[in-house]
Amino acid sequence: MPHFFKKIFLALFLTLALSIYAACQSSDNSQTEFDTVEIFAMDTVISIKAYGSNAEKALDAAVQEIHRLEKLLSVTEKDSEIYKLNSLKSITASDEVVNLLALSQEISSKTDGAFDISVYPLVSLYGFTKGEYRVPERCELEAALGCVGYEHILIQGDKIEIPDDASVDLGAIAKGYCGDRVAAVLEQNGVSSAVISIGGNVRLLGKKPDADGYSIAIRDPNNTQEYIGSVTVSDCSVVTSGSYQRYFEENGVIYHHIIDPKTGLCADSGLSSVTVICKDGATADALSTAFFVMGQEQAEQYYRNTDEISVILVSDSKEITVIGEVEFAPVESSEYTYSTTK
Ligand code: FAD
Ligand code: MG
């Protein structure tokens, strides 16, 4: 959808969502009291459903936390630490930003640079973030590739330094982190069960009241109105990265927002979507982006060295591969083939 229309659509959605937020205390099939909130932040729709009698107050605190994190981590907000780092190239950062940059670097190293927050000069060339989409020239990509390299981000205590031509973007990890923080804030405010949905990121707090787990649907990357199946999980993050989430089309070619830091091109590893299920939301977010770049074989290889995640890979040829312990129920009539690897 063109950016202008997207903004209008989202403004209308926000108006509607705010009116829903006005008073939405109710109960679901489990007869358990819950409250919901829906807001637009981080350029996406964020919805939270929290159970229990403390939910209303806890949701107010959760919304404050989302706005605080957006101000801290946004690549476009002029007062954010990330904006300052990109402008000044050297800053004294908060513990939170230091920790997120350090985790980003660790995941970059473990994924051989498939996940790299210093990819921002390339992302900017395509006009993502600002919605000014264009296909970059080869020479522009080559120049921007010279600015990419997570290993050049220097972290010394609370001092962060990046090279003069570098810039960073936490867009592929910060929503996962935000899910974890919102869960923590809800818990501090007396909520022990909640579902937090931030774009393609879902964070579950605790168990669903009176149920074995939450059933989370996984979107069909080829038809975003449909689902390929669902997972039943509790107290973890379920994060999906897909080429369908943000893209533009030029001369019949789709250009999507996940960039291969080694080529500067839109990642083309044979996968249409990757879902990572893991306790830590920031890790799930970063790995879903990394696996999308790495492709099936390398994602499976990564999995063999860790037992802390489950992964659902959907290939361009419509094969679903479920890796790990997660309970996945495919949609019956699905045109996809399906296999599991433990
Ligand atoms: P993911 O796969 O999780 O992340 C893809 C995003 O990460 C890309 O959009 C790009 O920014 C970056 N990226 C691409 N390739 C790689 C790679 N190989 N390694 C690491 N990172 C990569 N969007 C706007 O348009 N305007 C805004 O003002 C805006 N503000 C935001 C503020 C915050 C705090 C956050 C967290 C996000 C914001 N966003 C904004 C959205 C953001 O730019 C991304 O579009 C979004 O986070 C993508 O998430 P995803 O789950 O769809 O994809
Ligand atoms: Mg991600």
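Because the structure is a prediction, the values reported are computed rather than measured.

Caption draft 1: Spatial organisation of the sheet that holds strand 10 (residues 223-233). Spatially, three strands are ordered 9-10-17 in an open sheet, and the strand pairing comes out antiparallel. Each end of this open sheet is capped by a strand with a single partner; those strands are strand 9 (214-220) and strand 17 (327-330). Strand-to-strand twist of the sheet, defined as the mean angle between neighbouring strand axes without regard to direction, takes the value 35°. Here four bridges tie strand 10 to strand 17, and the two strands are oriented antiparallel to one another. From the neighbouring strand, V231 faces strand 17, where its bridge partner is F328.

Caption draft 2: The site of ligand 1, seen in detail. Contacts to ligand 1 come from 26 residues, most closely from T129, D169, G171, S241 and T289. Residue T129 places a main-chain N or O atom 2.8 Å away from an oxygen atom belonging to ligand 1. Between ligand 1 and I259, the relevant distance is 2.8 Å, taken from a nitrogen atom to a main-chain nitrogen or oxygen of the residue. For ligand 1, the accessible surface in isolation is 940 Å², of which the surrounding protein chains cover 94%. Residue assignment for the shell around ligand 1 shows that the elements contributing at least two residues are helix 7 (174-188) and helix 8 (281-294). Here the shell around ligand 1 gets three residues from one element, more than from any other, and that element is helix 8. Here the residues of the shell around ligand 1 are counted per class, giving eleven nonpolar, nine polar and six charged.

Caption draft 3: Focus on the coordination of the magnesium ion (ligand 2). The magnesium ion (ligand 2) binds to the protein through A172 (O), D285 (O), D285 (OD) and T289 (OG1), with metal-donor distances spanning 2.0 to 2.6 Å. Ordering the donors of the magnesium ion (ligand 2) by residue number gives the pattern A-x112-D-x3-T. Of this pair, D285 and T289 both sit in helix 8, separated by four residues, roughly a single helical turn. You can call D285 buried: its relative accessible area is 4%.

Caption draft 4: Spotlight on the pattern of salt bridges. Counting across every chain of the model gives twelve salt bridges. One salt bridge in this structure joins K110 and E106, with 3.1 Å as the shortest N-O distance. With a gap of four residues between them, K110 and E106 both fall in helix 4 (residues 95-110), about one helical turn apart. For E106, a relative accessible area of 39% translates into the label partly exposed.

Caption draft 5: A look at the side chain of S167. Among the structural elements, S167 can be located in the loop between strand 6 (159-161) and helix 7. Once residues within four sequence positions are removed from consideration, S167 is found in contact with N86, I117, S118, Y120, P121 and I162.

Caption draft 6: Region of interest: the pairing of strand 12 (residues 247-250). As paired strands, strand 12 and strand 13 (residues 253-256) are joined by four bridges and run antiparallel to one another. Pairing of E250 across the sheet is with V253, part of strand 13. A loop of two residues connects strand 12 with strand 13, the two strands running antiparallel in sequence, and N251 in this loop sits at a positive phi of about 50°.

Caption draft 7: Broad picture of the environment of S193. Tracing the backbone shows S193 in the loop between helix 7 and strand 7 (194-198). Put simply, S193 and Q298 are 105 residues apart on the chain and 35 Å apart in space, counted from C-alpha to C-alpha. The contact partners of S193, leaving out residues within four places of it in the chain, are K49, A50, Y51, L205, K207, K208, P209 and Y214. Looking at S193, its side chain comes within polar contact range of the main-chain oxygen of K207, at 2.5 Å. A polar atom in the side chain of S193 sits 2.6 Å from the side chain of Y214.

Cut-offs used in this document
Within any chain, residue numbers begin from 1 and follow the written order of that chain's sequence. Labels follow written order: the first chain is A, the first ligand is 1, and so on. With the structure being a predicted model, the display of local features is reserved for residues of pLDDT at least 70 and the display and counting of side-chain atom pairs for 80 or more, all residues being used for whole-chain, interface and lining totals. The side-chain values count all of the structure's non-hydrogen atoms but skip hydrogen atoms and water molecules. Pairs of strands are assigned from DSSP output, requiring at least two bridges between the strands. Numbering of helices and strands runs from the N terminus, with a helix taken as a DSSP run of H or I at least four residues long and a strand as a DSSP run of E at least two residues long. Axis geometry follows a simple rule: fit a line to the C-alpha atoms, using only the stretch in contact for helices, then measure angles between N-to-C directions, giving values from 0 to 180 degrees. We call a residue near a molecule or strand as soon as one heavy atom of that residue lies within 4 Å of the molecule or strand. N or O atoms within 3.5 Å of each other form a polar contact, as long as, within protein, one can give a hydrogen and the other can take it, and as long as residues adjacent in sequence are counted only when both atoms are side-chain atoms. Method for areas: the Shrake-Rupley scheme with a 1.4 Å probe, in which residue coverage is limited to the protein chains shown. Residue type decides the class: Asp, Glu, Lys and Arg count as charged, Ala, Val, Leu, Ile, Met, Phe, Trp, Tyr, Cys and Pro as nonpolar, and the leftover types, Gly among them, as polar. Here the term donor refers to an N, O or S atom within 2.8 Å of the metal (or 3.2 Å for Na, K and Ca), and because water is left out of the atoms, sites may appear incomplete. Only protein chains enter the accessibility calculation, which uses a 1.4 Å probe; a residue whose area is less than 20% of its type maximum is buried, one above 50% is exposed, and one in between is partly exposed. Each reported salt bridge corresponds to a side-chain nitrogen of Lys or Arg within 4 Å of a carboxyl oxygen of Asp or Glu. Throughout, a contact is declared for two residues whenever any of their heavy atoms are within 4.5 Å.

Treat this as a map of the structure, not an account of what it does.
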